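What the coordinates show
Listed here are the chains, written in short residue letters.
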Amino acid sequence: MAGGSRSALLRLHGVFAVYKPPGIHWKRTRDTVESKLLNELNTLEQPVIQQQIRFVPSLINNENGNETQLTVTQVPVLASHPRVTGPRFVGLKVGAGHRLDWQSSGVLVLGVGNGNKQLNGLHHCHLTKEYIVKGSFGTATEDFSNTGRVIERTTYDHITQDRLERIIAVVQGSHQRALLTYSDVDLKSQEAYELASRGLLRPMNKSPPIITAIRCVHFSPPSFTLEIQCLHETQQYLRKLVHEIGLELRSSAVCTHVRRTRDGIFTVDNTLIRTQWDLPSILAAVQASRLKVKGKLRENSWRLSASSEEGTCTGVKARGLEKGTHCLGPTAVRD
């Protein structure tokens, strides 16, 4: 193995983020990154082709006629030639963190090599993600997106920003209660105080989608834009949330845009765009995120140990969490 490619491969272990454009499946994004890494590792340094000594016969003309003469020469060893052996690297383990469906765009976290174990660790940290979600009043579709089949058209002249903000305040309030419930901590305990003061109050295990913060950042009917921070969501869940906000406002609404701007410790500013999906950029991104990732994993270990020392409460979950299928309360929604 060439020295440069060996050195690059040894450093190619960690977590980094890329920007997934809309209209592309996350698997295609991951596979494209993997293919580019393999191609650059294989072309980083061309291997030296081994040579061997051969006696090559040749005919010469002299006074006595044609004679065979052996000539010493060097020829390449074809058994080790790159066109015979093929590329040195044929597989590279690249994993993906929280998925993005093909309609969505934004931060997609990837792990390479041993970084796949860190991806699993970050998954169990239950870190919040942030989205910019755009909607439009007056239309309802089968899949809650603006590309779905239209099933209803309604008026929206009566909708004001104040009414919209009252509805999203109700949404946030119901989900805050769910966050406390699924965090499995006694709210009167020292543990709850320490977790809340450090911003570590999160579900200990898998839970229905939970919205930790939501606000309207743009309102120009029929269009509006929401900034949402959440846990355990899917992009389809966010589209359904837009739909149900429209229903609560005595109208209808479709989601026109879902963009993830933050996934845990990674923000849009940390992502690599398509022109940066190359070996040097990815190595630099892996190195830049290494300390942040290790810090979050240590922080989560502290949170788990604090919980085990205090013990978990076994209170009954709020009744509102066990009823209905509305996104205004935290209930599971499948893609």
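Everything in this summary refers to the structure shown in the same document. Numbering of residues starts from 1 in each chain and follows the order in which that chain's sequence is written. Predicted model: local features are reported for residues with pLDDT of at least 70 only, side-chain atom pairs are reported and counted for 80 or more only, and whole-chain, interface and lining totals are derived from all residues. The side-chain values count all of the structure's non-hydrogen atoms but skip hydrogen atoms and water molecules.

Quick look at the overall build of the chain now. Helix numbering and strand numbering both begin at the N terminus, where a helix is a DSSP run of H or I of at least 4 residues and a strand a DSSP run of E of at least 2. Helix and strand counts for the chain come out as 8 helices and 12 strands. Taking all 335 residues of the chain together, the buried fraction comes to 45%. Two residues form a contact once any of their heavy atoms are found within 4.5 Å. Put simply, of all contacts in the chain between residues at least 6 apart along the chain, 74% involve residues at least 24 apart. Taken as a whole, the chain presents about 18100 Å² of accessible surface, with 51% of it coming from carbon and sulfur. Working definition: with a 1.4 Å probe on protein chains only, accessible area under 20% of the residue-type maximum means buried, over 50% means exposed, and in between means partly exposed. The Shrake-Rupley method, run with a 1.4 Å probe, gives the accessible areas here. Residue values count only the displayed protein chains as cover.

For Arg 262, the position within the fold is in strand β11 (residues 253–263). Look at Arg 262 and you get buried, because its relative accessible area is 18%. Of note is the side chain of Arg 262, whose polar atom sits 3.3 Å from the backbone oxygen of Gly 264. In contact with Arg 262, not counting residues within four places along its chain, are Val 107, Thr 128, Lys 129, Glu 130, Gln 229 and Thr 267. Polar contact is the term for a pair of N or O atoms within 3.5 Å; when the atoms are in protein, one must be able to donate a hydrogen and the other to accept it, and sequence-neighboring residues count only if both atoms are side-chain atoms.

When two rings of Phe, Tyr or Trp (its six-membered ring) have centres within 6.5 Å they constitute a pair, described as stacked for plane angles under 30 degrees, edge-to-face for angles over 60, and tilted for the intermediate range. Evaluation of the coordinates by the stated rule reveals 1 aromatic pair. Between Phe 137 and Phe 224, the ring centres sit 4.4 Å apart and the planes meet at 20 degrees, which makes this aromatic pair stacked. In this pair, Phe 137 sits in strand β6 (residues 129–137) while Phe 224 sits in strand β10 (residues 223–231), placing the two residues 87 residues apart along the sequence. Phe 137 gets classed as buried once you look at its relative accessible area, which sits at 2%. Taking relative accessible area as the criterion, Phe 224 reaches 1% and is therefore assigned buried.

So, about unusual backbone geometry. In the segment running from Pro 221 into Pro 222, the intervening peptide bond is cis, with an omega of 10 degrees. Within the fold, Pro 222 resides in the loop between β9 (210–220) and β10. Here His 232, not a glycine, exhibits a phi torsion of approximately 60 degrees, which is positive. Topologically, His 232 is positioned in the loop between β10 and α7 (235–248).

In this structure, Leu 12, Phe 16, Leu 164, Ile 228, Leu 241 and Ile 245 are the most contacted members of the largest nonpolar core, which totals 51 residues. When sequence neighbours within four positions are dropped, the list of residues in contact with Phe 16 reads Val 33, Leu 108, Val 109, Leu 110, Val 112, Phe 266, Leu 272, Ile 282, Ala 285 and Val 286. Residues Val 15, Ala 17, Leu 122 and Leu 127 belong to the second largest nonpolar core, which totals 11 residues. The term nonpolar core refers to a set of buried residues drawn from Ala, Val, Leu, Ile, Met, Phe, Trp, Tyr and Cys, joined through side-chain atoms within 4.5 Å.

Take the environment of Arg 54 next. Relative to the helices and strands, Arg 54 resides in strand β2 (residues 51–62). Between the C-alpha atoms of Arg 54 and Val 72, which are 18 residues apart in sequence, the distance is 5.9 Å. Arg 54 has contacts with Thr 71, Val 72, Thr 73 and Val 75, leaving out every residue within four places of it along the chain.

Of all 11 residues that make up β11, 8 are buried, and the element is covered over most of its length. Two strands are said to pair when DSSP picks up at least two bridges between them. Inspection of the sheet shows strand β5 (residues 105–112) paired to β11 by 2 bridges, in the parallel sense. The partner of Gly 106 across the bridge, within β11, is Arg 260. Of the pairings in the sheet, the one linking β6 to β11 comprises 9 bridges and is antiparallel in character. The residue bridging Ser 136 from the neighbouring strand is Val 254, located in β11. By the bridge criterion, 2 bridges tie β11 to strand β12 (residues 266–267) in an arrangement that is antiparallel. Bridging across to β12, Arg 262 finds its partner in Thr 267.

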